[in-house]
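Okay, here's what each chain looks like letter by letter:
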Amino acid sequence: MPNWLYQRLGDRLFAAVVVLLALGVVAAALAIVAVLYFGGREAFATFGFFGFVLGRVWDAVRGQFGAWPPLLGTLITSAAALSLAFFPALSTALFVVEFSSGRLRETVAYLIDLLAALPSVVYGLWGIFVLVPLVRDHLELPLFTWAAAHAPALLPILGPPTGIGLLSATLVLALMIVPYASALARDALELVPQSQREAMYALGATRWEVIRRVVIPYARAGIFSGVVLALARALGETMAVTMLIGNSVNLPYTLFGPASTMASLIANEFTEAEDDLHLSALIAVGFVLLLIALVTNLIATWMLRRMSHGEGRR
Amino acid sequence: MVRTAFLTLLLLASLGFAGRIQLNGAGATFPYPLYAKYFSVYYKLTGVRVNYQSIGSGGGVRQLFAQTIHFGASDAPLSDEKMAEFEKKFQTPVVHVPTALGAVAVIYNLPGVKEPLKVSGPLLAEIFLGQVRMWNDPKIQAENPGLRLPPLPVTVVHRSDGSGTTYIFTEYLSKVSPTWRERVGFGKSVAWPTGLGGKGNEGVAGLVRQTPGAIGYAELIYALQNKIPYAAVKNRAGKYVLPSLASVKAAAEIEDFPKDTRVSLTDTPAPEGYPISSLTWILVHQDLGKNRAYKNRAQAEAMAKLLWWIIHDGQEYNEPLHYARLPEVAVKVTEENLRGLRYNGEPLLR
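Residues numbered from 1 in each chain as written. Chains lettered and ligands numbered in written order. Predicted model: local features only at pLDDT ≥ 70, side-chain atom pairs only at ≥ 80, totals over all residues.

## Topic: the overall build of chain B
Thinking step 1. From N to C terminus, chain B includes 13 helices and 13 strands.
Thinking step 2. For chain B, the C-alpha radius of gyration of 23 Å lies close to 20 Å, the compact-globule estimate for 350 residues.
Thinking step 3. Burial status across chain B gives 50% buried among its 350 residues.
Thinking step 4. Summarising the internal contacts of chain B: among those between residues at least 6 apart in sequence, 72% fall at separations of at least 24. (Helix = DSSP H or I, 4+ residues; strand = E, 2+ residues; numbered from the N terminus. Rg over C-alpha atoms; globule rule 2.2 N^0.38 Å. Buried ≥ 20, exposed ≤ 12 C-beta atoms within 10 Å, placed from the backbone. Contact = placed C-beta atoms within 7 Å.)

## Focus: the domain arrangement of chain B
Frequently, the measure chosen for interface size is the accessible area that the parts lose on association.
Residues and elements named next belong to chain B.
Thinking step 1. Segmenting chain B into domains produces domain 1 (2-101 + 279-347) and domain 2 (103-251).
Thinking step 2. Domain 1 and domain 2 are separated by 34 Å when their C-alpha centres are compared.
Thinking step 3. Taken together, the contact between domain 1 and domain 2 spans 11 residues of the former and 9 residues of the latter.
Thinking step 4. A breakdown of the residues in the side of domain 1 that touches domain 2 according to their chemical character gives 6 nonpolar, 2 polar and 3 charged. (Domains from an automatic or database assignment. Nonpolar A, V, L, I, M, F, W, Y, C, P; charged D, E, K, R; others polar.)

## A closer look at helix α5 (residues 120-150) of chain A
Thinking step 1. Given a rise of 1.5 Å per residue, 31 residues ought to cover 45 Å, yet the end C-alpha atoms of α5(A) are separated by just 39 Å, more than 12% below that figure.
Thinking step 2. Along α5(A), the largest kink reaches about 45° and is centred on Gly127(A).
Thinking step 3. Buried residues in α5(A) make contact with α7 (166-190) and α10 (239-244) of chain A together with α9 (200-210) of chain B. (Expected span 1.5 Å × (residues − 1). Bend = angle between axes of the 7 residues up to and from the residue.)

## Here's the deal with the packing of helix α3 (residues 68-99) of chain A against helix α9 (residues 207-236) of chain A
Residue and element names in this part refer to chain A.
Thinking step 1. Look at α3 against α9: their axes get within 9 Å of each other, and the N-to-C directions meet at 140°. Between α3 and α9, the crossing angle belongs to the class labelled oblique. In this structure, the crossing between α3 and α9 has a hand that is right-handed. For the pair α3 and α9, contact is made by Thr-74, Thr-77, Ser-78, Ala-81, Leu-82, Ala-85, Phe-86, Ala-89, Leu-90, Leu-94 and Glu-98 and by Ile-211, Ile-223, Gly-226, Val-227, Ala-230, Leu-231, Ala-234 and Leu-235, respectively.
Thinking step 2. Here the residues of the contact of α3 with α9 are counted per class, giving 14 nonpolar, 4 polar and 1 charged. (Axes fitted to C-alpha atoms, helices over the stretch in contact; angles between N-to-C directions. Parallel < 35°, antiparallel > 145°, perpendicular 65-115°, else oblique. Left-handed = near helix turned anticlockwise from the far one by under 90°.)

## Description of the confidence of the model for chain A
Thinking step 1. The share of residues in chain A with pLDDT of 70 or more is 97%, and the mean pLDDT across the chain is 87.
Thinking step 2. Taken element by element, the predicted model of chain A shows its lowest mean pLDDT in helix α6 (residues 155-158) of chain A (80) and its highest in α3(A) (91). (pLDDT = per-residue confidence, 0-100.)

## Concerning the pairing of strand β3 (residues 71-74) of chain B
Residues and elements named next belong to chain B.
Thinking step 1. Residues of β3 alternate between two faces, with Phe-71 and Ala-73 on one and Gly-72 and Ser-74 on the opposite face, all of them buried.
Thinking step 2. Note: strand β1 (residues 22-27) against β3, 3 bridges, orientation parallel. Bridge pairing links Ala-26 to Gly-72 in β3.
Thinking step 3. Relative to strand β11 (residues 277-285), β3 runs antiparallel, the two being bridged by 3 bridges. Counterpart to Gly-72 in the pairing with β11 is Leu-283. (Pairing = 2+ DSSP bridges.)

## Notes on the nonpolar core
Thinking step 1. Counting residues in each nonpolar core, the largest one holds 176 residues, and the members touching the most others are Ala85(A), Ile177(A), Ala181(A), Ala105(B), Val106(B), Ile107(B) and Met303(B).
Thinking step 2. No other element matches α7(A), which puts 18 residues into this core.
Thinking step 3. Excluding anything up to four places from it in sequence, Ile177(A) contacts Ala81(A), Leu82(A), Ala85(A), Ala230(A), Arg233(A) and Ala234(A). (Core = buried A, V, L, I, M, F, W, Y, C linked by C-beta atoms within 7 Å.)

## Points about unusual backbone geometry
Thinking step 1. The peptide bond linking Leu251(A) to Pro252(A) adopts the cis configuration, its omega dihedral lying at -5°.
Thinking step 2. With respect to the helices, strands and loops of the structure, Pro252(A) is situated in the loop between α10 and α11 (262-269).
Thinking step 3. The backbone of Lys227(B) shows a phi angle near 50°, a positive value even though the residue is not glycine.
Thinking step 4. For Thr261(B), which is not a glycine, the phi torsion comes out positive at approximately 60°.
Thinking step 5. Tracing the chain through its elements places Thr261(B) in the loop between α11 (245-251) and β11.

## Section: the domain arrangement of chain A
All names here are of chain A.
Thinking step 1. Structurally, chain A comprises domain 1 (1-39) and domain 2 (67-313).
Thinking step 2. One C-alpha centre belongs to domain 1, the other to domain 2; they are set 35 Å apart.
Thinking step 3. Taken together, the contacts link 4 residues of domain 1 with 5 residues of domain 2.
Thinking step 4. Of the residues assigned to the side of domain 1 that touches domain 2, the class counts are 3 nonpolar, 1 polar and no charged.

Listed below in structure tokens is the structure:
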């Protein structure tokens with residue numbers, strides 16, 4: 001290309017390519033929303049938006065579709081997995097950044113990242129063959145027999161101790177999201193300036209005090225971003241959960257008993273849904289899942305902004 | 001020189017390609033291994049290439065309606081409403097061509113129980129309704145006088161994904177239990193009153209294997225290949241029958257085999273028949289010319305000949321793959337139906 005043309009057009013061309021690609025992504029996102037909305041319209045029209053979201057019966061034979069059982073399942077598994085995963089994730093990040101160095105540090109960081117790279121079907125298989133028998137024989141059965149003898153009131157909350165169900169699915173989900181929360185927390189902790197730590201040590205603080213009062217507060221926005229990413233991942237996880245949760249839409253859910261999530265319900269029923277309303281209801285579930293992801297993201301952005309403000313004032 | 005040779009080769013290849021007939025089908029996953037065998041043998045015999053995609057029965061029916069494929073395949077016959085919709089849309093009826101029989105085995109995991117469990121239909125319904133909760137329940141014991149049943153809780157395992165297997169199983173339960181019919185009904189996905197859901201035959205079998213006291217259902221082929229214990233089910237004649245190629249084939253030996261072959265074989269009256277058996281079908285337009293997927297008469301003729309071959313010579317590939325053969329009565333009825341196939345009004349077979 002001649003030099004003058006390059007100088008005139010070069011930047012414009014570059015800008016055009018960037019804008020086009022960026023718009024393409026935005027258009028794809030909007031197209032997904034549109035497809036989910038129009039695909040689910042029949043279900044929303046039949047049951048009403050809130051009738052659908054809060055409906056407690058999912059019965060393809062009678063053409064009754066309510067998304068509440070899988071919605072509840074998604075919320076429970078995600079929230080429980082997140083609270084289980086938070087402290088281990090933070091601890092591994094702290095361990096890597098504050099307590100280890102050299103090869104050990106690299107190895108641990110690498111292993112945690114590897115957890116994120118494992119396909120979820122592998123987690124599912126590991127869950128079925130390793131975790132489920134362990135949980136059933138060493139956690140659920142002892143608890144269940146103890147409750148049967150001493151606290152029968154607990155039995156309806158515990159549910160059948162088969163190993164397959166809410167508890168196992170949540171445990172595996174928690175393990176799956178640890179690396180996401182951990183990786184971002186690690187990056188944030190690494191960005192804490194050394195001078196901050198040194199200043200604190202100079203004042204005679206212990207390591208615990210330094211971490212609690214300087215390192216974590218300084219890195220909290222990054223840590224929180226990791227939590228949000230992990231939550232998003234938990235909301236949408238399909239394969240491993242489908243393999244472990246027992247796939248039942250019967251309320252009420254119990255601690256050990258089977259449950260269902262929105263993603264697993266769609267994965268289960270989509271291929272053989274012949275009836276138009278059934279298909280529409282499944283797409284509508286996808287739309288509701290999208291709404292939930294959207295709301296979580298909005299809340300997260302808002303909280304993140306508040307946090308950064310706080311940092312500024314400090 | 002080299003160039004000329006290359007061009008000639010190219011020309012020959014394209015000629016050969018143009019002369020070759022290709023048919024596309026899609027649908028049920030259950031007969032997929034069998035169809036793959038049929039079509040590879042048929043290609044070697046005749047040079048007609050058949051592509052089959054196992055996207056599920058529902059998808060097969062939908063694609064046939066959309067005229068994107070030459071034939072569909074389904075584990076369940078079209079309902080009367082769908083038949084009417086089809087005829088209205090295409091001005092020609094749909095033809096059901098049965099190809100094989102399959103069965104649903106009741107699989108279980110009872111440590112220490114060696115002999116096959118026996119169950120009647122109503123008992124099976126009560127178990128899957130969650131009304132019989134312990135294995136040593138007198139109702140189960142009454143049907144298995146010789147067995148020492150363990151005091152284990154019953155864990156029901158069912159398919160979580162929509163499937164033809166579930167359709168056949170729940171249709172059977174609906175026939176033998178009024179309570180089941182009223183509370184659950186039948187379909188490819190139903191609202192299970194109790195139990196764990198596993199995805200696919202392998203998911204159900206995996207859960208049953210892992211859980212002492214579990215009972216579930218899976219395609220017979222899957223249970224046979226994976227050596228999972230399965231139960232003998234009491235048929236309408238009052239006999240406990242284990243599922244096998246012979247007892248499944250026997251299920252279709254009924255006197256008044258309907259002309260359109262849309263017959264449900266669950267709870268069969270055949271005295272030696274296994275009661276949870278079913279046919280699987282290939283679906284085509286009666287006048288193939290009404291399906292836009294057909295470009296010329298040669299394609300339609302190839303399709304008709306393929307179907308004729310499947311219900312005759314093709315049947316010998318069924319049993320090695322654990323599918324039961326069509327009984328004579330089904331073949332006779334289907335022959336008549338195939339003679340009725342047309343291409344723009346002209347008959348295709350004589």
